[in-house]
Amino acid sequence: MADIATPTPQKQPSVSYDPVFTALLGLALLFCLAKPILPEFLIRIPEAWVPPLASWLDRFFEVIKGDLETGRPGLIHLTRWFAEGPLDFMLGFTANLLEGKHRWPYFEPLPWSAVAAVAAGIGFYLGGWRLALLGGGTFVWTALVGQWKIAMQTLSVLAVAVPLAFLAGIILGIAAWKWGWFERVIKPVLAILQTIPFFTYLLPAVIFFKVGPTAGAIATTIYAIPPMVLMTTLGLKKVSHEVVEAGKMSGCTRMQMLFRVYIPSARTEILVGVNQVIMLCLAMVVLTAFIGMPGLGGKLLAMMNSFKLGRSFEIGVTIVLVAVMLDRMSKAWVVKLPVHHERGTPWYVRHKYLLITLSAFALFLVLGQFVDILDKVGRRQSLSMGREIDKVIKGFLAIDAVQAVTETLRYVLNVWVLIPFRNFLLWIPTSSFILMVVAFSWIVGGRRPAIYAAIFFSVVAFSGWWDRSVITLYSVISAVILSMMIGIPLGIMASRSKRLAERILLFCDTAQTFPSFIYLLPAIMLFGVSDVTVVLSIVIFTTVPLTRYTIEGLRNVPPEMTEAADMSGATKRQKLMSVQLPLALPTMAVGFNQAIMFAFFMVIIAAFIGTQDLGQELQRTLAGTDLGKNFVLGMNVALMALTFDLTIMSWSAKRTKMLGLSR
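Keep in mind it's a predicted model, so treat the numbers as computed, not measured. (Residues numbered from 1 in each chain as written. Predicted model: local features only at pLDDT ≥ 70, side-chain atom pairs only at ≥ 80, totals over all residues. Heavy atoms only, no water.)

Draft legend 1. Looking closely at the packing of aromatic side chains. Applying the stated criterion across every chain, the model contains 26 aromatic pairs. For the ring pair F421 and Y474, a centre distance of 6.2 Å and an interplane angle of 55° mean the geometry is tilted. Of this pair, F421 sits in helix α20 (residues 400-427) while Y474 sits in helix α23 (residues 466-495), and the two are 53 residues apart along the sequence. Overall, F421 belongs to the partly exposed group, its relative accessible area being 24%. Every member of this aromatic cluster is reached through a ring pair, and the members are F198, F199, Y201, Y223, F290, F514, Y519, F541, F598 and F601. Seen from the ring of Y125, K336 lies directly overhead, with NZ or CZ sitting 4.8 Å from the centre. (Phe/Tyr/Trp six-rings, centres within 6.5 Å; stacked < 30°, edge-to-face > 60°. Helix = DSSP H or I, 4+ residues; strand = E, 2+ residues; numbered from the N terminus. Buried < 20%, exposed > 50% of the residue type's maximum accessible area, 1.4 Å probe, protein only. Lys NZ or Arg CZ within 6 Å of the ring centre and 35° of its normal.)

Next comes the structure, spelled out in structure tokens:
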């Protein structure tokens, strides 16, 4: 019998004295202790030293933007032509079909029952009856609770943004695969696009493409492009040499090689990219409510502003159902293999699912002309129970025991934990703070991440928004620590039971499809508007990846390692602490990284609650044309997020190599 290849951990170095780390941390502590006598520039960068980055950027954007009124040439002429021409035409076409805009092609809006029938047919083809029920049931719910029009407003933009993001992403992905220099150029750009806050996408879209669906569609498209580029490049690189040689031997031209060999062979990775594009587009199209985009996001924002929790809950359920439906269908498309029929098979057999779906669509299209309830659900026919749910929620929150728990928790977290922690971080001199971050990056990630940390946080310090950046970081750190206290123990407990692990992973998969707005609802319901609400909404969002990757890491520990620990007489605790967790840490590091990235994303959304961080300032820029300020604020968030991303992923790569787990 052949020997089973098992990972063989290399000899781990003992913990040793690191002079660089000690020097950095010691200097940081010295500056803290000597704060009363420190020069002012080491405590906070003087305003006179802060370069006018926002003004410089404003001038730069003015030059490239041009002016429509004076006719000064610039990019805005091209973007406005695209917005008012091709893009407006595409949005008008989808809006006419789904929500009944009075413009070409002047169709009446499709009956909700016909759309539900198509969704059920697609679901059945991709995944059987369960997916058919999910697809059809989502649209039945949407219609019956009176949210059809706003849901179609969202989907009409989604129907344009997803194909645009797909086309742009696959073209850029092919270019990055084809030319190495292009990949080297585009990779850092994609990394920045994936870390800058969504508010930074919105203002340029408004200025260059006008307020409304056109700006929302462009912001959504650009936001969703990076994963499509990365997955396309990855898939094309993984095509086996044998497949390529077979294509060349059959006499394929370059274009035939691309479209008949490479792209079909990379089908799985490309479709995974499509799944991510769909989910990011849905998440972003909901958030474009901040620039006046109508639809589910706009209605949810209005309901939350007026504190109508019952109606907010119903809209939240609709968004979740749409998200889960699109996620499950796109994932089913990834795993579904193409069906090949024998030559001579009748066309109606080869396309039976298409014919059944079209027949159902035609049937309900006709029935909708004669049966009003199958065409539109009016306000009086709506089954919405928003007011009743609102009363139930308020009644539950009014219970003395619930109030006692929420008020106690809010008081303890605010007064004893969060506010003191925030004030402590703000008290630390800027120089000490940067040294501490560099020391952390050095000891965890190594020299390169430490250099980047020094550069990135120095840029933040000289941006003029240091205190707001520290408050943003305080929310992120607080939330991630609380998430670790919940997610890691939960993941450890779930990893010991296969059934429990599968259930929690299913919940994690489902929760990761929820648009981020949804996570604000339970926090606002329980704790009103406060720092606790901000942090706990982030905690709900970030606990998911920590739990998921803890389970995955522990389940993927080689059984030979755990068997060796059992044979040596180790207790459960010893086996966990000395064998399982050390081997699972590289996988868990991905969860830590995702949790931090999610936290930076969510803390900007929490600006809706009324925070005092960068998100609040970013939200204010949407009311004007401060494009330079908008980019400076977004840059600060991106640089802080990239610092932790580079540090943690560098540590994970080194740890994986040290344990002999690298492929």
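Once you've had a look at it, read on.
Draft legend 2. Structural detail: helix α28 (residues 572-605). Look at α28: only 41 Å from first C-alpha to last across 34 residues, short of the 50 Å you get at 1.5 Å a residue. The buried fraction of α28 amounts to 24 of the 34 residues, a majority that puts the element mostly inside the structure. (Expected span 1.5 Å × (residues − 1).)

Draft legend 3. Structural view of a nonpolar patch on the surface. Taken together, the side chains of V366, F370, V371 and I373 make up a nonpolar region of the molecular surface, amounting to roughly 370 Å² of accessible area. Relative to the elements of secondary structure, F370 occurs in helix α17 (residues 352-370). (Patch = residues over 30% accessible without salt bridge, like charges linked within 9 Å, V, L, I, M, F, W, Y side chains within 5 Å. Areas by Shrake-Rupley, 256 points an atom, 1.4 Å probe, with all protein chains shown as cover. Salt bridge = Lys/Arg side-chain N within 4 Å of Asp/Glu carboxyl O.)

Draft legend 4. The arrangement of a positive patch on the surface in detail. Together, K299, K308, R379, R387 and K391 make up a region of like positive charge exposed at the surface. Turning to its location among the elements, K299 is positioned in helix α14 (residues 296-305). Its relative accessible area of 32% is what places K299 among the partly exposed residues. (Lys, Arg positive; Asp, Glu negative; His and termini not counted. Charge placed at Lys NZ, Arg CZ, Asp CG, Glu CD.)

Draft legend 5. Expanded view of the environment of I488. Following the sequence through the fold, I488 ends up in helix α23. Residue classification places I488 among the buried residues on the basis of a relative accessible area of 16%. The spacing of I488 and I551 is 63 residues in sequence and 8.5 Å in space, taken between C-alpha atoms. Filtering out sequence-adjacent residues up to four positions away, I488 remains in contact with S483, T550, M588 and F592. (Contact = heavy atoms within 4.5 Å.)

Draft legend 6. The packing of helix α5 (residues 112-127) against helix α15 (residues 309-335), seen in detail. Two elements in contact, α5 and α15, have axes whose closest approach is 9 Å; the angle formed by their N-to-C orientations is 35°. Considering the relative orientation of α5 and α15, their crossing is left-handed. The residues of α15 that touch α5, namely those facing A119, I122, G123 and L126, are M329, A332 and W333. By residue class, the composition of the contact of α5 with α15 is 6 nonpolar, 1 polar and no charged. (Axes fitted to C-alpha atoms, helices over the stretch in contact; angles between N-to-C directions. Left-handed = near helix turned anticlockwise from the far one by under 90°. Nonpolar A, V, L, I, M, F, W, Y, C, P; charged D, E, K, R; others polar.)

Draft legend 7. Summary view of the environment of L659. Along the chain, L659 falls in the segment after α30 (627-658). Sequence separation between L659 and P586 is 73 residues; the distance between their C-alpha atoms is 9.3 Å.

Draft legend 8. Focus on the pattern of salt bridges. Per the counting criterion, the structure on display carries 16 salt bridges. Its salt-bridge partner being K238, residue E269 comes within 3.2 Å of it at the nearest N-O pair. Of this pair, E269 sits in helix α13 (residues 267-287) while K238 sits in the loop between α10 (213-237) and α11 (241-249); the two residues are 31 residues apart in sequence, bridging distant segments of the chain. Put simply, K331 and D327 hold a salt bridge, and the shortest N to O gap is 3.4 Å. Of this pair, K331 and D327 both sit in helix α15, 4 residues apart, which is roughly one turn of the helix. Taking relative accessible area as the criterion, K331 reaches 36% and is therefore assigned partly exposed. Given a relative accessible area of 3%, D327 falls into the buried group.

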